[in-house]
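Examining the three-dimensional arrangement
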Amino acid sequence: MLLPLSFVALLITSGCSESSINEIVTESLNLAKIGDHSSWKKALKNVESCIKRGVTNDNLISFYILCLSRTGNDEKALTIALDQVSTSMDNFFCNYLIGKLYFNQGKYLKAYTYLQKCNTLKPNHINTIILSLKTASKLNVPEEKELYLQLLKHDPFKESFLVYNDLACWYANHDDVPRALSFFSRALKYSDGHPLVFFNMAILNDQNLDNDKVAQRFYLNFLYKSKDNYPEKSEKVLARLQKIGKKWE
């Protein structure tokens with residue numbers, strides 16, 4: 001999850017030492033970078049001490065929410081994040097965290113509302129696109145396709161066979177066979193012939209195109225490439241190949 005590390009200017013209430021607060025925050029950020037549970041607990045304790053001293057800066061509250069989440073206090077984190085968003089609708093971090101927490105709870109429709117807001121605020125934020133895509137997939141909403149295409153615009157994913165494969169599956173499930181074939185071909189190219197792409201292409205030809213001869217070739221490629229890594233699929237493929245073979249007898 002993203003870290004709100006841009007603590008450039010904390011708003012310190014009168015009577016508090018700005019230097020001591022900044023030292024505590026700096027220490028807490030360094031602890032967060034370590035990333036283990038013990039470090040997050042120490043960071044949480046530090047941030048709580050700042051809040052008790054009257055620091056209410058949005059960045060600090062966002063960091064507090066993150067510390068709560070990372071130490072298992074999801075319900076409290078969600079409550080505070082929702083309160084923050086009620087007064088600051090464009091708080092990207094809180095919207096993102098709410099979306100993630102709702103997603104983890106299986107409340108996908110609620111999650112998607114906040115993730116859509118994040119996507120509006122930061123259209124090129126990759127973590128948001130990925131989490132939005134996972135949520136859209138759970139909900140089977142039309143925006144799922146656009147999120148795949150949005151992800152493919154970013155350099156780390158332009159040659160990701162997983163994205164091409166998943167998008168091809170989306171097109172296949174929506175009966176757009178030409179585009180499915182096109183994206184499966186790209187998935188094969190960028191994966192150097194991953195067995196699961198061969199498997200999906202076999203299914204497409206077998207079920208959508210009723211072309212069992214081409215399907216047979218892809219099924220055989222799957223068996224050759226899988227090297228027994230997918231025993232359940234291999235068993236089903238062998239059974240299907242037997243049926244195809246009997247059709248030609």
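Everything below is about the structure printed above this text.
Now for a look at the structure at hand. (Residues numbered from 1 in each chain as written. Predicted model: local features only at pLDDT ≥ 70, side-chain atom pairs only at ≥ 80, totals over all residues. Heavy atoms only, no water.)

A few words on the overall build of the chain. Along the backbone of the chain there are 13 helices and zero strands. Reading the secondary structure of the chain in the N-to-C direction produces α-α-α-α-α-α-α-α-α-α-α-α-α. In terms of overall dimensions, the chain has C-alpha extents of about 90 × 35 × 30 Å along its principal axes. Relative to its 249 residues, the chain shows a buried fraction of 45%. A separation of at least 24 residues holds for 51% of the contacts in the chain among residues at least 6 apart in sequence. In the form shown here, the chain has an accessible surface area of approximately 13,700 Å², with 50% of it arising from carbon and sulfur atoms. (Helix = DSSP H or I, 4+ residues; strand = E, 2+ residues; numbered from the N terminus. Buried < 20%, exposed > 50% of the residue type's maximum accessible area, 1.4 Å probe, protein only. Contact = heavy atoms within 4.5 Å. Areas by Shrake-Rupley, 256 points an atom, 1.4 Å probe, with all protein chains shown as cover.)

What follows deals with helix α5 (residues 92-104). Look at α5: 18 Å from first C-alpha to last across 13 residues, which is about the 18 Å you get at 1.5 Å a residue. Buried residues dominate α5, accounting for 11 of its 13 residues. Where α5 is buried, its residues meet α3 (58-70), α4 (74-87), α6 (108-121) and α7 (126-139). Two residues or fewer past α5, Gly106 is found with a positive phi of approximately 80°. (Expected span 1.5 Å × (residues − 1).)

The next point concerns the pattern of salt bridges. One pass over the full model with this rule turns up five salt bridges. For the salt bridge of Lys117 with Asp90, the shortest nitrogen-to-oxygen distance reads 2.9 Å. With Lys117 in helix α6 and Asp90 in the loop between α4 and α5, this residue pair connects regions lying 27 residues apart in the sequence. Asp206 is the salt-bridge partner of Arg240, the closest N and O atoms lying 2.7 Å from each other. Here Asp206 lies in helix α11 (residues 195-208) and Arg240 lies in helix α13 (residues 231-247), a separation of 34 residues in the sequence. Given the relative accessible area of 9%, Asp206 is considered buried. (Salt bridge = Lys/Arg side-chain N within 4 Å of Asp/Glu carboxyl O.)

Before going further, it helps to examine α11. Given a rise of 1.5 Å per residue, 14 residues ought to cover 20 Å, and the 19 Å separating the end C-alpha atoms of α11 matches this to within 8%. Buried residues dominate α11, accounting for 10 of its 14 residues. Buried within α11 we find Pro195, Val197, Phe198, Phe199, Asn200, Met201, Ala202, Leu204, Asn205 and Asp206. Among the structural elements, α9 (161-173), α10 (177-191), α12 (212-226) and α13 are those in contact with the buried residues of α11. One or two positions beyond α11, positive phi appears at Asp210, with a value near 50°.

What follows deals with the packing of helix α2 (residues 37-52) against α3. At a minimum axis distance of 9 Å, the contact between α2 and α3 shows a crossing angle of 145°. Note that α2 runs across α3; the crossing there is left-handed. Of the residues in α3, those touching α2 at His37, Trp40, Ala43, Leu44, Val47, Glu48, Cys50 and Ile51 are Leu60, Ile61, Phe63, Tyr64, Leu66, Cys67, Leu68 and Arg70. Looking at the contact of α2 with α3 residue by residue, the classes come out as 13 nonpolar, one polar and two charged. (Axes fitted to C-alpha atoms, helices over the stretch in contact; angles between N-to-C directions. Left-handed = near helix turned anticlockwise from the far one by under 90°. Nonpolar A, V, L, I, M, F, W, Y, C, P; charged D, E, K, R; others polar.)

Here the focus is the nonpolar core. Membership of the largest hydrophobic core comes to 38 residues, with the highest contact counts inside it found for Cys50, Phe63, Ile65 and Cys67. Listing elements by their share of this core, those giving two or more residues are α1 (18-34), α2, α3, α4, α5 and α6. Here this core gets nine residues from one element, more than from any other, and that element is α5. If we skip the residues at most four places from it in the chain, Cys50 touches Ile21, Ile24, Val25, Val55 and Leu60. (Core = buried A, V, L, I, M, F, W, Y, C linked by side-chain atoms within 4.5 Å.)

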